[in-house]
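# Summary of the model geometry
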Amino acid sequence: MTILAIDTSNNPLGVALLDENQVLGEYITNLKKNHSVRIMPAIETLMKDCERTPADLTKIVVAKGPGSYTGVRIGVTIAKTLAWTLKIPLVGISSLEVLAAGAGRYFNGYVSPIVDARRGQVYTALYQYQNGELTAVVEDQLVMLADWAATLSEMDNPILFVGNDLPIHRDKIKEVLGSQAIFANMTEHNPRPAELAMLGRNKPDEDVHAFVPNYIRLAEAEQKWLEAKGKISNR
């Protein structure tokens with residue numbers, strides 16, 4: 001089994017190869033650059049360095065969002081194309097789950113990955129390791145950070161926050177949660193594509209043609225178009 005994992009859902013770009021129970025290689029950057037230009041060369045370089053060919057791949061695992069509308073779309077499109085062309089299974093994993101998996105494995109409490117969604121909003125969820133398995137306590141959602149912090153403050157467990165966008169919201173989180181809030185180390189904020197591969201290793205296969213990203217909300221241009229047509233409220 002050789003799994004190729006792809007994550008372009010936010011600023012970090014990551015690809016990994018997982019062979020049985022061994023991480024063959026990972027490539028990760030955290031740069032504000034065009035993923036559409038860089039992702040295929042990254043995959044090609046990693047596979048060459050790891051001495052693998054497309055024929056060796058047995059599964060594609062992709063971060064399906066939420067996150068950057070364009071970034072999510074790029075990763076999912078490439079993953080679907082590869083899976084369909086190579087006739088191998090495709091699995092989609094929450095981008096937030098990948099963040100939580102890396103930071104929270106040895107944390108005795110809840111993990112809240114944070115991705116900024118502008119205007120005081122965040123993409124977030126709540127995860128916890130139970131018997132060695134990462135479990136969603138609260139599903140992925142788009143929420144005002146202030147409301148999310150208030151909700152978490154009512155829980156008894158400590159909360160580990162992780163994500164590259166934490167500096168935007170750290171002060172508010174600390175104000176509401178105080179010592180209940182724990183912040184992951186800088187080295188844990190980039191989602192690891194090897195974790196993505198592991199999360200998808202035993203998950204059920206997706207229908208390649210029916211598989212779609214999880215944007216959670218509409219792209220801004222689509223939102224404005226629907227508002228102009230009177231099909232949705234702008235509130």
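Here, the structure is the one placed above.
These figures come from a predicted structure and were not determined experimentally. Position numbers for residues count from 1 along each chain, tracking the sequence in the order it is written. Note on the predicted model: pLDDT of at least 70 is required for a residue's local features to be given, and 80 or more for side-chain atom pairs to be given and counted; whole-chain, interface and lining totals, by contrast, use all residues. Excluding hydrogens and water, the side-chain values take into account all heavy atoms of the structure.

### Notes on the nonpolar core
Applied cut-off: Buried Ala, Val, Leu, Ile, Met, Phe, Trp, Tyr and Cys residues form a nonpolar core when they are joined through side-chain atoms within 4.5 Å. Three exposure classes are used, based on accessible area relative to the maximum for each residue type with a 1.4 Å probe and protein chains only: buried under 20%, partly exposed in between, and exposed over 50%. Each helix corresponds to a stretch of at least 4 residues labelled H or I by DSSP, and each strand to a stretch of at least 2 residues labelled E; elements are numbered beginning at the N terminus. Only heavy atoms matter for contacts: two residues are in contact if any of them lie within 4.5 Å across the pair.
Among the nonpolar cores identified, the biggest contains 30 residues, and I93, L134 and L196 are the most heavily contacted of them. A total of six residues in this core trace back to one element, the largest contributor, which is helix α3 (residues 95-104). Ignoring sequence-local partners within four residues, the contact set of I93 consists of V61, V62, A63, K64, G65, V98, L196, L199, G200 and K203. I6, I43, A79 and L82 belong to the second largest nonpolar core, which has 26 residues in total.

### Observations regarding the layout of surface pockets
Note the following rule: A 1.4 Å probe that fits but cannot get out identifies a cavity on a 1 Å grid over protein atoms alone, an open set with protein on both sides within 12 Å along at least five of seven lines counts as a pocket, and a residue lines either if it has an atom within 4 Å of a point. Grid points are joined across faces, edges and corners, and a volume is the space filled by probe spheres set on the points. Polar here means any residue outside two lists: the nonpolar Ala, Val, Leu, Ile, Met, Phe, Trp, Tyr, Cys and Pro, and the charged Asp, Glu, Lys and Arg; Gly therefore counts as polar.
For the second largest pocket, the calculated volume is near 290 Å³. Taken together, 13 residues line the second largest pocket, and the ones lying closest to its centre are G132, E133, L134, M198 and L199. No other element matches the four residues that helix α6 (residues 193-201) contributes to the lining of the second largest pocket. The class makeup of the residues in the lining of the second largest pocket is five nonpolar, two polar and six charged.

### Thoughts on unusual backbone geometry
Residues G65 and P66 are joined by a peptide bond in cis, for which omega reads 5°. One can find P66 in the loop between β4 (59-63) and α2 (69-86). Even without being glycine, E51 reaches a positive phi, approximately 55°. Positive phi is not limited to glycine here, since R119 has a value of about 55°. Here R119 lies in the loop between β6 (110-116) and β7 (121-130).

### Brief notes about the sheet that holds β4
As a reminder of what qualifies: Two strands form a pair only when DSSP identifies at least two bridges running between them. Axes, fitted as lines to C-alpha atoms, cover a helix only where it is in contact. Angles between the N-to-C directions of the axes lie from 0 to 180 degrees.
Taken together, the five strands give an open sheet; going across it, the order is β3-β2-β1-β4-β5, and neighbouring strands pair in mixed fashion. What marks the edges here is a single partner per strand, and that holds for β3 (22-30) and β5 (90-93). Each neighbouring strand pair of the sheet contributes to a mean axis angle of 15°, computed without reference to strand direction. For β4 and β5, the ladder comprises four bridges, and the chain directions are parallel.

### Notes on the pattern of salt bridges
Let me state the cut-off plainly: Salt bridge, as used here: a side-chain nitrogen of Lys or Arg that lies within 4 Å of a carboxyl oxygen of Asp or Glu.
If you walk through the whole model with that rule in mind, you get six salt bridges. Taking the shortest distance from any N to any O, the salt bridge between R52 and D19 comes out at 2.8 Å. Of this pair, R52 sits in the loop between α1 (35-49) and β4 while D19 sits in strand β2 (residues 12-19), and the two are 33 residues apart along the sequence. A salt bridge links K172 to E175; the nearest nitrogen and oxygen atoms lie 3.7 Å apart. Separated by three residues within a single helix, K172 and E175 lie in helix α5 (residues 166-177), roughly one turn from each other.

### Observations regarding the pairing of β7
When you tally the buried positions in β7, you get nine out of 10 residues, the bulk of the element. By the bridge criterion, four bridges tie β6 to β7 in an arrangement that is antiparallel. Paired with V115 across the two strands is Y123, which belongs to β7. Adjacent in sequence and paired antiparallel, β6 and β7 are bridged by four residues, among which R118 carries a positive phi angle near 70°. Sheet topology places β7 next to strand β8 (residues 133-144); nine bridges connect them, and they run antiparallel. Counted as the bridge partner of Q121 is M144 from β8. Following β7, the chain reverses through two residues before pairing antiparallel with β8; N131 in that reversal takes a positive phi of roughly 55°.

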